[in-house]
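A look at the structure
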Amino acid sequence: MALRELKVCLLGDTGVGKSSIVWRFVEDSFDPNINPTIGASFMTKTVPHQNELHKFLIWDTAGQERFRALAPMYYRGSTAAIIVYDITKEETFLTLKNWVKELRQHGPPNIVVAIAGNKCDLNDVREVLEKDAKDYADSINAVFVETSAKNAININELFIEISKRIPSANAGATSGKGFKLRRQSSEVERRCC
Amino acid sequence: MNEEYDVIVLGTGLTECILSGIMSVNGKKVLHMDRNSYYGGESASITPLEDLYKRFNIPGSPPECMGRGRDWNVDLIPKFLMANGQLVKMLLFTEVTRYLDFKVIEGSFVYKGGKIYKVPSTEAEALTSSLMGMFEKRRFKKFLSYVANFDENDSKTLECVDPKKTTMRDVYKKFDLGQDVIDFTGHALALYRTDEYLDQPCLETINRIKLYSESLARYGKSPYLYPLYGLGELPQGFARLSAIYGGTYMLNKPIEELVMENGKIVGVKSEGEVARCKQLICDPSYVSDRVTKVGQVIRVICILSHPIKNTNDANSCQIIIPQNQVNRKSDIYVCMISYAHNVAAQGKYIAIVSTTVETNDPEREIKPVLELLEPIEQKFVSISDMYAPTDVGTDSQIFISRTYDPTTHFETTCNDIKDIYKRMMGSEFDFEEMKRKKSDIFGEDQ
Ligand SMILES: Cc1cc2nc3c(=O)[nH]c(=O)nc-3n(C[C@@H](O)[C@H](O)[C@H](O)COP(=O)(O)OP(=O)(O)OC[C@H]3O[C@@H](n4cnc5c(N)ncnc54)[C@H](O)[C@@H]3O)c2cc1C
Ligand SMILES: Nc1nc2c(ncn2[C@@H]2O[C@H](COP(=O)(O)OP(=O)(O)OP(=O)(O)O)[C@@H](O)[C@H]2O)c(=O)[nH]1
Ligand SMILES: [Mg+2]
């Protein structure tokens, strides 16, 4: 099966559960005492989609968004962006629209946008109606799901929906991609049988 | 920001971002600010193209034929990475390589008698080059294999040359090399900007030629690498490293005052608030009273719709114009990249000419080089002062980077970083210090 590497970046206010969603997806676990993001920078997971393997290279923000200092490098070459809000905090849904705007301005032109309304396990303190969010997502042609990183609801589905939206390999083929720098083979491969 | 930090960094140029990354990785609490709304300072890549026009006060907006403005990322300072150089080592040790994709520059060329020739750097290439005559080729081939085998600790390989005494001039004489071959060997392989090396012991030059060949051997074509989306990706990559290790980032912050007590930095004031610190790192633009002018560089960014003539339609290349070919003291460089590197719209090329200013009519100094590039769709000319710190920070604890020089690679920038590190920490820089202190990749390929 053909392997495709897909860069995905996460956006959204602090505390909405971005890192928790990735952690659930990649490690299938949840840590209620997770730190505000420092440390985790890069996570990967491969899932089959039709006759391909999709290897998600997931970039978590590194806190640079807190004072609006996110570097454009963060969106560069992203196939998809997941914008997360917290269904129990209306203001996180309102700022979501700014993230969409920022992506349209600085992100790649054909980026797949997915909106995740996280913490849906906290239904009794909900501030954002599912329908309002769904209508908004439809209006910008974005994937939409309500998720719970805590109870593992719709996390895999979120990524499956993203996979479905990604154009098949040949369609988006760009001419001559670059390569990653590696240690010289003599430096890494000098290992005894 | 009303907090206490170990280190405050002002300016997000490459030097500042690499130092910020090193400090954060080593557990220092870092606040990193820039007065601009973008990363990179003087070493930024400007996007969209409209912003470049504004920056150079070119009236009107870019014409239709320039394509979409956001497809452009135009470097202000032209440079390439040496495949075996110190910046590549820093990228590997910090694993910032993960955030970047590279391409190899397709060729290195040298100017002779008004024409451009491919720099032969392997024996095979030397034998097919039209730069030299038949006999000269044989002698150059012999010289190259001598250099390749040269080992200062193995007298058999030296053939009576004393690495620490024999001058390079005498080594050239030994192989009976002519002036043209000496020119491109010294300037396009050993990459000296002047001819002073000729009368110095040959070891340094031979090592430089070896390094060039080894860099070349890594990827073929040329010893130079270039990151997709422009050089501005480099500072951003190191800034991300710093942020992952807890560094706080703020752009668009006007810096109002450096707060001193008894001649020592204690804080930085921005928008009425003071952030306190023990040490400060900044570029010369934040401390005009602590730097001195050490020269001027002229850089001309040229947008072309064609590859440069006689470069086999390369979509990227370097051209070196040795000083004595144009009656100067220092070499002129051209760095060209294109749409193939996601820095220009489809079918467009960006060639940047740069050199040290030697007269009071710098544009005229580079005229013969601009002629090689014609027709030029749009030119952006800058003449900038180079600064070096007069305060080395011993008392003030203010550590100031040097302005980027006209060399076409990052070796001197890396030397500056190592030097600042040493002054701040009191110990010699060690690449090991840059290694990430914890695993921060999760998933399949840990
Ligand atoms: C393999 C190789 C490739 C090079 N490629 C280029 C190039 O593409 N464009 C270009 O302009 N110059 C290149 N250079 C030369 C560059 O490093 C010169 O030092 C610089 O151009 C200044 O030259 P100089 O003779 O004025 O200074 P020098 O007095 O020779 O050197 C200035 C300082 O830089 C240090 N230095 C010199 N070379 C290196 C190096 N390679 N790595 C680390 N420190 C060094 C010296 O020790 C000294 O401290 C290259 C050198 C080598 C060895
Ligand atoms: N109840 C509930 N809590 C959650 C859920 N997801 C995350 N949390 C909690 O929300 C808090 C913030 O989660 P993070 O994953 O750190 O959020 P983040 O968006 O990465 O935050 P920053 O890194 O600061 O930008 C943590 O206390 C989590 O335990 C969820 O689905 N349900
Ligand atoms: Mg987080």
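Residues numbered from 1 in each chain as written. Chains lettered and ligands numbered in written order. Predicted model: local features only at pLDDT ≥ 70, side-chain atom pairs only at ≥ 80, totals over all residues. Heavy atoms only, no water.

For chain B, an unreviewed UniProt entry supplies the name Rab GDP dissociation inhibitor and the organism Xenopus tropicalis. Recorded in UniProt for chain B, the comment headed Sequence similarities (unreviewed entry) runs: "Belongs to the Rab GDI family." On record in UniProt, under Subunit (unreviewed entry), the comment for chain B is "Interacts with RHOH. Interacts with the GDP-bound inactive forms of RAB3A, RAB3B, RAB3C, RAB5A, RAB5B, RAB5C, RAB8A, RAB8B, RAB10, RAB12, RAB35, and RAB43; binds RAB3D to a lesser extent. Interacts with DZIP1; this interaction negatively regulates the interaction of GDI2 with GDP-bound RAB8A." (UniProt positions renumbered as here; feature names shortened; annotations may be inferred.)

Named according to an unreviewed UniProt entry, chain A is RAB22A, member RAS oncogene family originating from Xenopus tropicalis. Taken from UniProt, the Sequence similarities (unreviewed entry) comment for chain A reads in full: "Belongs to the small GTPase superfamily. Rab family."

A count of helical and extended segments in chain A gives five helices and six strands. Burial analysis of chain A (193 residues in total) assigns 50% to the buried set. A separation threshold of at least 6 residues defines the contact pool for chain A, and within that pool the share at least 24 residues apart is 73%. Here chain A displays about 9800 Å² of accessible surface, and carbon together with sulfur accounts for 49% of that area. (Helix = DSSP H or I, 4+ residues; strand = E, 2+ residues; numbered from the N terminus. Buried < 20%, exposed > 50% of the residue type's maximum accessible area, 1.4 Å probe, protein only. Contact = heavy atoms within 4.5 Å. Areas by Shrake-Rupley, 256 points an atom, 1.4 Å probe, with all protein chains shown as cover.)

Residue and element names in this part refer to chain A. Counting all residues, the mean pLDDT for chain A is 87, and 88% of those residues have values of 70 or more. In the model of chain A, helix 5 (residues 185-188) stands out as the element of lowest mean pLDDT, 46, in contrast to strand 6 (residues 143-146), which has the highest, 98. Counting contacts from residues 186-193, a segment whose pLDDT is below 50, to residues more than four positions away or on other chains yields two contacts. (pLDDT = per-residue confidence, 0-100.)

All names here are of chain A. Taken together, the buried positions of helix 4 (residues 155-165) are Ile155, Leu158, Phe159, Ile162 and Ser163. Along the axis of helix 4, the buried positions cluster into a sector of 140 degrees, meaning they face one direction only. Each element contacted by the buried residues of helix 4 is listed here: helix 1 (18-27), strand 2 (42-49), strand 3 (52-59), strand 4 (80-86), strand 5 (112-118) and strand 6. (Arc of directions from axis to C-beta.)

Moving on, we get to the interface of chain A and chain B. Taken together, the contacts link 43 residues of chain A with 43 residues of chain B. When the two sides are added together, the surface that chain A and chain B hide from each other amounts to roughly 3600 Å², 54% of it contributed by carbon and sulfur. Applying the counting rule to chain A against chain B returns two salt bridges. The residue Asp101 of chain B makes a salt bridge to Lys180 of chain A at a minimum N-O spacing of 2.7 Å. Joining chain A to chain B, the criterion identifies 12 residue pairs in polar contact (both at pLDDT 80 or more). At the level of elements, helix 1, strand 2, strand 3 and helix 2 (90-106) of chain A are the ones that each hand at least two residues to the side of chain A that touches chain B. For the side of chain A that touches chain B, the element with the highest residue contribution is strand 2 of chain A, accounting for five residues. Looking at the side of chain A that touches chain B residue by residue, the classes come out as 19 nonpolar, 14 polar and 10 charged. (Buried area = accessible area lost by both parts, 1.4 Å probe. Salt bridge = Lys/Arg side-chain N within 4 Å of Asp/Glu carboxyl O. Polar contact = N/O pair within 3.5 Å; in protein donor to acceptor, adjacent residues only side chain to side chain. Nonpolar A, V, L, I, M, F, W, Y, C, P; charged D, E, K, R; others polar.)

One pass over the structure, following the stated rule, counts 34 salt bridges over all chains. Salt-bridge contacts for Lys134 of chain A lead to Asp138 of chain A; the nearest nitrogen and oxygen are separated by 3.1 Å. With a gap of four residues between them, Lys134 of chain A and Asp138 of chain A both fall in helix 3 (residues 130-139), about one helical turn apart. As a salt-bridge pair, Arg98 of chain B and Glu95 of chain B come within 2.7 Å of each other at their nearest N and O atoms. A relative accessible area of 31% means that Glu95 of chain B is categorised as partly exposed.

On to the site of ligand 1, then. Residue and element names in this part refer to chain B. As a structural note, the neighbourhood of ligand 1 is formed by 17 residues, with Leu191, Arg208, Tyr224, Thr408 and His409 the closest of them. Within the side chain of Arg193, a nitrogen or oxygen atom sits 3.3 Å from an oxygen atom of ligand 1. The set of elements that each furnish at least two residues to the shell around ligand 1 consists of helix 9 (203-219) and helix 13 (411-425). When residues of the shell around ligand 1 are assigned to their parent elements, the largest contribution, three residues, is made by helix 9. Grouping the constituent residues of the shell around ligand 1 by class yields eight nonpolar, six polar and three charged. (Near = heavy atom within 4 Å.)

This part takes up the sheet that holds strand 5 (residues 81-82) of chain B. Residue and element names in this part refer to chain B. Taken in spatial order, the three strands make up an open sheet running 5-9-6, and their pairing is antiparallel. Two strands bound the open sheet, and with one partner strand each, they are strand 5 and strand 6 (102-104). As defined by bridge partners, strand 6 adjoins strand 9 (residues 224-227) across three bridges and the pair is classed as antiparallel. The partner of Phe102 across the bridge, within strand 9, is Pro227. (Pairing = 2+ DSSP bridges.)

Here we come to the sheet that holds strand 14 (residues 291-304) of chain B. Residues and elements named next belong to chain B. If you walk across this open sheet you meet the seven strands as 8-7-15-16-17-14-18, and the pairing is mixed. On the outer flanks of this sheet lie strand 8 (115-118) and strand 18 (378-389), each paired with one strand and no other. The mean angle between the axes of side-by-side strands here comes to 25 degrees, regardless of whether they run parallel or antiparallel. Pairing analysis gives six bridges linking strand 16 (residues 332-338) to strand 17 (residues 349-356), with the strands arranged antiparallel. Across the sheet, Tyr333 pairs through a bridge with Ser354, a residue of strand 17. (Axes fitted to C-alpha atoms, helices over the stretch in contact; angles between N-to-C directions.)

All names here are of chain B. Cis geometry is found at the peptide bond from Thr47 to Pro48, where omega equals -10 degrees. Tracing the sequence through the fold places Pro48 in the loop between strand 3 (45-46) and helix 2 (49-55). Glu374 connects to Pro375 through a cis peptide bond whose omega is -5 degrees. Residue placement: Pro375 occurs in the loop between helix 12 (367-373) and strand 18. The phi dihedral of Glu159 falls on the positive side, at around 50 degrees, and the residue is not glycine. With respect to the element layout, Glu159 can be found in the loop between helix 6 (155-158) and helix 7 (168-174). Positive phi, normally seen in glycine, also occurs at Leu191, with a value near 60 degrees. Inspection of the secondary structure assignment puts Leu191 in the loop between helix 8 (179-189) and helix 9. On the accessibility criterion, Leu191 (16% relative accessible area) is buried.

The subject of this paragraph is the environment of Lys141 of chain B. Tracing the backbone shows Lys141 of chain B in helix 5 (residues 134-149). In this structure, Lys141 of chain B is in contact with Glu123 and Leu127 of chain B, ignoring residues within four places of it in sequence.

The next thing to look at is the packing of aromatic side chains. Aromatic rings in a pair are described by how distant their centres are and how their planes are angled relative to each other. All names here are of chain B. Enumeration according to the criterion identifies 25 aromatic pairs over all chains in this entry. An angle of 40 degrees between the planes, with centres 5.8 Å apart, marks the rings of Phe93 and Phe431 as tilted. With a gap of 338 residues between them, Phe93 in helix 3 (residues 86-94) and Phe431 in the loop between helix 13 and strand 20 (441-442) connect regions that are remote in the sequence. Across the pair, exposure class does not vary: Phe93 and Phe431 are buried alike. (Phe/Tyr/Trp six-rings, centres within 6.5 Å; stacked < 30°, edge-to-face > 60°.)

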